[in-house]
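What follows is each chain in one-letter form.
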Amino acid sequence: MIKVSVIMPVYNSERYIEMAANSVLEQDLNEIELILVNDGSKDNSGGICDALSKRDKRVKVIHQENQGISAARNRGIKEAEGEYIAFIDNDDTYQEGMLKKIYEYAKSNNAEVVKYGYRVIEDWNVDENSARVRGFSATRKVELQNIEKDYQSLKDDGFFNMIWNGIYKRELLISNNLFFPENVKKGYEDWIFNFQLFYLTDSMYVWEGVEYNHYQREAHSTSSSYHENQQMALIMAAKEEYKLVQYLNQKYGTKIDWSQYAMNYFIEAILMFERKNCDVTTSEKLNYLKQFGKMKEFTMIKSKNSRDKYPFTKRCISRLLEKERYKLLLRVSHLYNYYIVYKRKKNR
């Protein structure tokens, strides 16, 4: 019996695939399969995947034309045979012994979802000890009836932002027809998936250990680059979380304050245009922000009631949005991003 199917989308990552694959295959849980979905790579990634499958019979390789990370992950889910499904990016690594610990914890609690902590290792980190860590304060079951007090901490701890920081019962995904949105090519597909996952089960757990290493390499990482598809994807993610918050408030009588999250999405929309390779014109940026600010999910961030609850910086953004000072918002975001980049370089 295959206990865990690990899905790795592969695209132009010939320098890192073997490292990532080895971190899976060297786990002390032997009853696994590693599904490598080569999504139309133009380098030698496909050949490396085939060599790995010849070396270890637990490796399954799928070659397909380039369709994006969502389609690659979906193909992996459909091909998976394991009791649980896990994900890994093609340039990241698992911590030693992670799969066995998390699988046994999931089985002992009959859990359909278990999320765990992760480490973000950037180019300028001297070693892993200087990397950023996001994790959960305690190993526990997520009680949905008490979700109001736990929701913000789950967001802060990285529950919703990533897909590779957890294992998921395969039957839960298949029976609910839960897959990644294939019209989302790069960015926010994890958010959308996690929001949809959240109200399919009441047996979600979090594990306080840091079990995943996520590398952000300036030359290789796509997470800091702009892709035109991200404008649509961010709106999809925001609408999906809005629906989730409404659902939780209605079902459990909670009072999760959506206005706080609505403002965060608007800030994300502004800063999106500061990513690498962004060639969007000023006119297109302004039209997007106007569209964003007028949607029903975000109109409240311009209101005085919401503004009174915001800290100073967000109050200023709310006021500028109310007055439709979009150009000024773009200028401020550019200066803020420049300051962040300067601080990072200074601390290297």
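Every value quoted in this text rests on a predicted model; they were computed, and no experiment measured them.

Engineer: Quick question: what am I supposed to make of the overall build of the protein chain here?
Structural biologist: Assigned secondary structure in the protein chain consists of 13 helices and 10 strands. The C-alpha radius of gyration of the protein chain comes to 21 Å, within 12% of the 20 Å expected for a compact globule of 348 residues. Classification of the 348 residues of the protein chain by burial places 53% in the buried group. Once local pairs closer than 6 in sequence are excluded, the contacts in the protein chain between residues at least 24 apart make up 79%.

Engineer: What's the story with the pattern of salt bridges in this structure? I'm lost.
Structural biologist: Side chains that carry opposite charge are capable of pairing whenever their charged atoms lie near each other. Overall, the coordinates contain 21 salt bridges when judged by the stated rule. For E31, the salt bridge is made with K3, and the minimal N-O distance between the two is 3.7 Å. Taken together, the residues span a long stretch of sequence, with E31 in the loop between α1 (17-25) and β2 (32-39) and K3 in the segment before β1 (4-10) at a distance of 28 residues. Judged by relative accessible area, E31 falls into the partly exposed class, the value being 34%. Where E297 meets K239, a salt bridge forms, and the shortest distance between an N and an O atom there is 3.1 Å. Taken together, the residues E297 in the loop between α10 (282-294) and α11 (304-307) and K239 in helix α8 (residues 229-252) connect sequence positions 58 residues apart. Relative accessible area serves as the criterion here: at 4%, E297 is assigned to the buried category. According to the relative accessible area criterion, K239 is partly exposed, its value standing at 31%.

Engineer: How do you make sense of a positive patch on the surface when you look at a structure like this?
Structural biologist: A surface patch of positive charge is lined by K290, K294, K323, R325, K327 and R331. Taken together, the elements giving at least two residues each to the positive patch come down to α10 and α13 (326-346). For R325, the position within the fold is in the loop between α12 (312-322) and α13. On the basis of relative accessible area, R325 is assigned to the partly exposed category, the value being 44%.

Engineer: What am I meant to see in the pairing of strand β10 (residues 204-216) here?
Structural biologist: Successive side chains on a regular strand alternate, one facing one side of the sheet and the next facing the other. Of all 13 residues in β10, 10 are buried; the element is thus mostly enclosed. By the bridge criterion, two bridges tie strand β5 (residues 93-94) to β10 in an arrangement that is antiparallel. For T93, the partnering residue across the bridge sits in β10 and is N213. Both strand β6 (residues 113-122) and β10 contribute to a ladder of 10 bridges, which runs parallel. Paired with I121 across the two strands is Y215, which belongs to β10. Two elements, strand β8 (residues 140-141) and β10, share two bridges in a ladder whose sense is antiparallel. Bridged to K141 within β10 is Y205.

Engineer: When you look at the packing of helix α7 (residues 189-198) against α8 in this model, what are you seeing that I'm missing?
Structural biologist: Running from N to C, α7 and α8 cross one another at 15°; their axes reach a closest spacing of 9 Å. Between α7 and α8, the angle falls in the class roughly parallel. Where α7 crosses over α8, the handedness of that crossing is left-handed. Contact residues: W191, I192, F195, Q196 and F198 in α7; A233, L234, M236, A237, E240, E241, L244 and L248 in α8. By residue class, the composition of the contact of α7 with α8 is 10 nonpolar, one polar and two charged.

Engineer: Looking at this structure, how should I read helix α3 (residues 69-79)?
Structural biologist: Every α-helix carries 3.6 residues per turn, so stepping three or four residues along brings you back to the same face. Within the sequence span of α3, burial applies to S70, A71, A72, R73, N74, G76 and I77. The inward-facing, buried residues of α3 contact β1, β2, β3 (59-64), β4 (84-87), α6 (170-175) and α7.

Engineer: Where do I start with α7 in this structure?
Structural biologist: Burial runs high along α7: nine of the 10 residues are buried. All buried positions along α7 are accounted for by E189, D190, W191, I192, F193, N194, F195, L197 and F198.

Engineer: Would you mind showing me how to read unusual backbone geometry here?
Structural biologist: Glycine aside, residues mostly have negative phi, and peptide bonds are mostly found in the trans state. The residue N12 is not glycine, and still its phi comes out positive at about 45°. Relative to the helices and strands, N12 resides in the loop between β1 and α1. Phi at N177 takes a positive value of approximately 55°, unusual for a residue other than glycine. Residue placement: N177 occurs in the loop between α6 and α7. A relative accessible area of 59% places N177 in the exposed class.

Engineer: Teacher, can you tell me more about the layout of surface pockets here?
Structural biologist: In this structure, the second largest pocket spans a volume of roughly 260 Å³. Along its surface, the second largest pocket is lined by I267, I270, L271, T313, C316, I317, L320, L329, V332, S333 and Y336. At the level of elements, α9 (258-272), α12 and α13 are the ones that each hand at least two residues to the lining of the second largest pocket. In terms of residue class, the lining of the second largest pocket is built from nine nonpolar, two polar and no charged.

Conventions and cut-offs
- Residues numbered from 1 in each chain as written.
- Predicted model: local features only at pLDDT ≥ 70, side-chain atom pairs only at ≥ 80, totals over all residues.
- Heavy atoms only, no water.
- Helix = DSSP H or I, 4+ residues; strand = E, 2+ residues; numbered from the N terminus.
- Rg over C-alpha atoms; globule rule 2.2 N^0.38 Å.
- Buried < 20%, exposed > 50% of the residue type's maximum accessible area, 1.4 Å probe, protein only.
- Contact = heavy atoms within 4.5 Å.
- Salt bridge = Lys/Arg side-chain N within 4 Å of Asp/Glu carboxyl O.
- Patch = residues over 30% accessible without salt bridge, like charges linked within 9 Å, V, L, I, M, F, W, Y side chains within 5 Å.
- Areas by Shrake-Rupley, 256 points an atom, 1.4 Å probe, with all protein chains shown as cover.
- Lys, Arg positive; Asp, Glu negative; His and termini not counted.
- Charge placed at Lys NZ, Arg CZ, Asp CG, Glu CD.
- Pairing = 2+ DSSP bridges.
- Axes fitted to C-alpha atoms, helices over the stretch in contact; angles between N-to-C directions.
- Parallel < 35°, antiparallel > 145°, perpendicular 65-115°, else oblique.
- Left-handed = near helix turned anticlockwise from the far one by under 90°.
- Nonpolar A, V, L, I, M, F, W, Y, C, P; charged D, E, K, R; others polar.
- 1 Å grid on protein atoms, 1.4 Å probe; cavity = no way out; pocket = protein on both sides within 12 Å on 5 of 7 lines; lining within 4 Å.
- Points joined across faces, edges and corners; volume = space filled by probe spheres on them.

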